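As a plain string of letters, each chain reads:
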Amino acid sequence: MMRTFIYALPIALAMSAASASAQEAFPSRPVKFVIPYAPGGGGDLVGRAIAQKMGEVIGQSMVVENRGGAGGMVGTEVVVKSPADGYTLVLTNLALMAISPNMVKKPPFDAVKDLAAIGGVAQSENVLTAGLGAPFNDARSLVAYAKANPDKLSYASSGVGSFGHLLGEILRGTAGAQMVHVPFKTSAQAFPDVIEGRVSMVFDSVSSSVVQIRANKVKPIAILSTRRSPLLPNVSTFAEEGFPEVTIRFWTGLHGPANMPPPVVQRLSDTLIKSLAA
C-alpha cells in the first residue's frame, strides 16, 4: 500500500499541475466570435469592434463568424452546442435572449440554462426613421396618418421576433397605428427600400441610423428611449410626443456555452472590461 501511494502521488501532482497549466494558458488558439446576424447591421458593427479589441487584449485572434437566421437563434444554437471551453462566444442582446425564444413553440435552446454570461457590452437608443417623402415628421403625425390610413404604412425590421419587430408591435398596440411588418435579414438591408419608398419606415439603433440621417437619405421620426440621444439631440422621444409606452432600451452582451470553467469565464470577462475601457 505504501509503495503504491509513493508512486501515485507524483503522478497526481503532475496531473494537477498540467490541469492548472492548461487553464493558465487560455487562450492558446484563436477564439470564434459568433455574431448571430448577417453583416452590415448595428450588432455586426458593435460585435466586430469588440472582437478586434478583445483579440488585442487577450493576445489571440477573435475570429468573427456571421451566422444569421431566426432572429439570432441559428447562430446562438451553434454556440450552445459547442464545447464549453471558452473558444466559442456569441454576441447576444435583448431580442435574442428574451424575445425570439418566446416567438416559437419549441426554441432550440434555453437562454438562461444553456448560456453562460460573460458581461454586458452596451446599451443603446433606437430610432424610427422614414423616407424623406413620408407624409409625417414626428410621432404624433405618424400615428394620426396611420389611423386615417390603416395598413398603408409598413415598417422594416431585422426579422420576425427581432427587436425592431417588437418595437413596431408596441407602437401598433399602444397607439392603434395599423402597420404592415416587412422583415429583412438586417435592418441595414432595409434602408435602400425605405429610401426608395418601397417600405415606409425602419426601426434601428441610433448609431447605425445616424449615418443615413446625416446624409439626408432618411428622416428621424422619434427616439424610443427615456431620453434624447446625444447623436440626435433635436429629435424628440416617443414619450415626449405622448406615447410613453413606446420606450425601451436595447442592451448587448457576450455569452458562451453553459458550464465553462470559472477561470476561463473570468479571463474573458476581464478581457471584455479592458476592451470596453479602451
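Basis of the calculations
- Residues numbered from 1 in each chain as written.
- Predicted model: local features only at pLDDT ≥ 70, side-chain atom pairs only at ≥ 80, totals over all residues.
- Heavy atoms only, no water.
- Helix = DSSP H or I, 4+ residues; strand = E, 2+ residues; numbered from the N terminus.
- Buried < 20%, exposed > 50% of the residue type's maximum accessible area, 1.4 Å probe, protein only.
- Contact = heavy atoms within 4.5 Å.
- Lys, Arg positive; Asp, Glu negative; His and termini not counted.
- Charge placed at Lys NZ, Arg CZ, Asp CG, Glu CD.
- Phe/Tyr/Trp six-rings, centres within 6.5 Å; stacked < 30°, edge-to-face > 60°.
- Pairing = 2+ DSSP bridges.
- Axes fitted to C-alpha atoms, helices over the stretch in contact; angles between N-to-C directions.

(A) Region of interest: the overall build of the protein. Scanning the protein from N- to C-terminus turns up nine helices and ten strands. A principal-axis box enclosing the C-alpha atoms of the protein has dimensions of 90 × 40 × 30 Å. Looking at the 278 residues of the protein, the share that counts as buried comes to 47%. Counting contacts in the protein only where the partners sit at least 6 residues apart, residues at least 24 apart contribute 76% of the total. Side chains of the protein carry 24 positive and 19 negative charges; the gap between the two charge centres is 2 Å.

(B) Spatial organisation of the packing of aromatic side chains. Tallying each qualifying case throughout the model produces three aromatic pairs. Judged by centre distance (5.0 Å) and plane angle (70 degrees), the ring pair of phenylalanine 26 and tyrosine 87 falls under edge-to-face. With phenylalanine 26 in the loop between α1 (2-24) and β1 (31-35) and tyrosine 87 in the loop between α3 (73-80) and β3 (88-93), this pair connects stretches of sequence that are 61 residues apart. Accessibility assignment for this pair places phenylalanine 26 and tyrosine 87 in one class, buried. Ring plane angle 85 degrees and centroid distance 5.7 Å describe the contact between tyrosine 155 and phenylalanine 203, whose orientation is recorded as edge-to-face. Of the two residues, tyrosine 155 is situated in strand β6 (residues 153-157) and phenylalanine 203 in strand β8 (residues 201-205); the sequence distance between them amounts to 48 residues. With relative accessibility at 1%, the residue tyrosine 155 sits in the buried group.

(C) View of the sheet that holds β6. If you walk across this open sheet you meet the five strands as β7-β6-β8-β5-β9, and the pairing is mixed. Both outer strands of the open sheet, β7 (179-183) and β9 (218-223), are each paired with one neighbouring strand and no more. The sheet shows a mean angle of 30 degrees between the axes of neighbouring strands, direction not considered. Pairing geometry for strand β5 (residues 126-131) and β9, over five bridges, is antiparallel. Bridging from a neighbouring strand, alanine 130 pairs with lysine 219 of β9. Running at roughly 125 degrees to β8, helix α8 (residues 206-214) makes contact with β5, β8 and β9 of the sheet.

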